[in-house]
Amino acid sequence: MIFTLAILGVILMLLFIPMGSDGGILNRKDKAKRAKDLGAKSAAAPLKAAKRFAVLHQYEVVSPGNVVSGDKESGVDFILVGCFGVLCVKCLGMAGTVYGAANESEWSRMDASGRTAFPNPLDEASAATRVVRDVLFAAKRKNVPVETVCVFTNPKVELALPRGTGHYTLKEFKNLLQKDKYLYDKGVDEKAVAQLLREAVR
């Protein structure tokens, strides 16, 4: 009887352990990749909002937005270019509860399959900003402001994160675009900057 219960326990445990595409148990790196892959598929709604905003104000949208400088990639989903400067957007489509802080190198999310670690997206956003600035600097456009934000697009996500750290839900991102700073004219040539960034996309 005890032996039978033990066997049943092992079977149940295996059923609820997340598996990789090859049928193996997901290790930490696999889980992080899965989280990143989810983000790559989540940009449709914020991209639509950015395109609508761009049409209203005669701005430009660069999509896809994976700008490359040397051996570094921005890794962003799309880029909005306007008279205000450049807004890079990195989308994450994960569900569950997300935990983290600005000063932590790794964040985590908890869902039915357990806890998954993934790189701090704010660090990735900062790295993306540097890559885009490098491209602009190389073209002697040093005065173009560059900003990168992270957008969690899954309606089932719950963000257990400090406020004001550069992360947004889809609704918050749409509200962000309505801020006056994205209408302030800083003398940026939208078409020229957008074309420059498109040429740097790989």
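Here's a quick rundown of the structure. All residue numbers refer to positions counted from 1 along the written sequence of the respective chain. Given that this is a predicted model, residues contribute local features only at a pLDDT of at least 70 and side-chain atom pairs are listed and counted only at 80 or more, while totals for whole chains, interfaces and linings are drawn from all residues. Hydrogens and water molecules were not included; the side-chain quantities draw on all heavy atoms of the structure.

**A few points about the packing of helix α4 (residues 121-138) against helix α6 (residues 190-199)**
Packed helices, taken two at a time, are described by the angle between their axes plus the distance between the axes.
Phase 1: Contact pair α4 / α6: the axes reach a minimum separation of 10 Å and the direction vectors enclose 110 degrees. In terms of orientation, α4 and α6 fall into the roughly perpendicular class. You can see that α4 and α6 cross each other, and the crossing is right-handed. Counting all contacts with α4, which are made through Val-132, Val-135 and Leu-136, the residues of α6 involved are Val-193, Leu-196 and Leu-197.
Phase 2: Gly is put with the polar residues, along with every residue not named as nonpolar or charged; the nonpolar set is Ala, Val, Leu, Ile, Met, Phe, Trp, Tyr, Cys and Pro, and the charged set is Asp, Glu, Lys and Arg. Class assignment of the residues belonging to the contact of α4 with α6 gives a composition of 6 nonpolar, no polar and no charged. Lines fitted to C-alpha atoms define the axes here, with helix axes fitted over just the stretch in contact, and angles between the N-to-C directions of these axes take values from 0 to 180 degrees. Helix and strand definitions follow DSSP, with helices as H or I runs of at least four residues and strands as E runs of at least two, each counted in order from the N terminus. An angle below 35 degrees is read as roughly parallel, one above 145 as roughly antiparallel, one from 65 to 115 as roughly perpendicular, and any other as oblique. Each crossing gets its hand from how the near helix is turned against the far one by less than a right angle, where anticlockwise is left-handed and clockwise is right-handed. Working rule for contacts: check all heavy atoms of both residues, and any pair within 4.5 Å makes them a contact.

**A few points about the environment of Val-146**
Phase 1: In this fold, Val-146 is placed in strand β9 (residues 146-152).
Phase 2: For every residue, the accessible area obtained with a 1.4 Å probe (protein chains only) is divided by the maximum for its type, and the residue is called buried under 20%, exposed over 50%, and partly exposed between those limits. Owing to a relative accessible area of 9%, Val-146 belongs among the buried residues under this scheme.
Phase 3: Remark: the alpha-carbon pair of Val-146 and Leu-136, spanning 10 residues in sequence, is separated by 9.5 Å.
Phase 4: When neighbours within four sequence positions are excluded, Val-146 is seen to be in contact with Val-86, Cys-88, Thr-129, Val-132, Arg-133 and Leu-136.

**Some details on the sheet that holds strand β4 (residues 78-82)**
Phase 1: One open sheet holds the 5 strands; their spatial order is β1-β4-β5-β9-β11, and the pairing between them is mixed. For this open sheet the edge positions go to β1 (60-62) and β11 (167-169), each flanked by a neighbour on one side alone. Sheet twist, expressed as the average angle between the axes of neighbouring strands with direction ignored, equals 30 degrees.
Phase 2: When DSSP locates at least two bridges between a pair of strands, those strands are taken to pair. In this sheet, β11 lies alongside β9 in parallel orientation, the contact comprising 3 bridges. Bridge pairing in β11 links Phe-152 to Thr-169.

**Details of α6**
Phase 1: Every buried residue of α6 is accounted for by Glu-190, Val-193, Ala-194, Leu-196 and Leu-197. For α6, the buried positions fall inside an angular range of 160 degrees around the axis, keeping them on one side. Of the exposed residues in α6, those oriented more than 90 degrees away from the buried face are Lys-191 and Glu-199.
Phase 2: Lining the buried residues of α6 we find β1, β4, β5 (85-92) and α4. Arc definition: directions from the helix axis to the C-beta atoms.

**Looking at the sheet that holds strand β10 (residues 157-160)**
Phase 1: If you trace the 4 strands from one edge of the open sheet to the other, you get β8-β7-β6-β10, paired in mixed fashion. Both outer strands of the open sheet, β8 (114-119) and β10, are each paired with one neighbouring strand and no more. Within this sheet the neighbouring strands show an average axis-to-axis angle of 25 degrees, counted without direction.
Phase 2: Where strand β6 (residues 96-99) and strand β7 (residues 106-111) come together, 3 bridges link them in antiparallel fashion. Each bridged residue has a counterpart across the sheet, and for Val-98 the counterpart in β7 is Arg-109.

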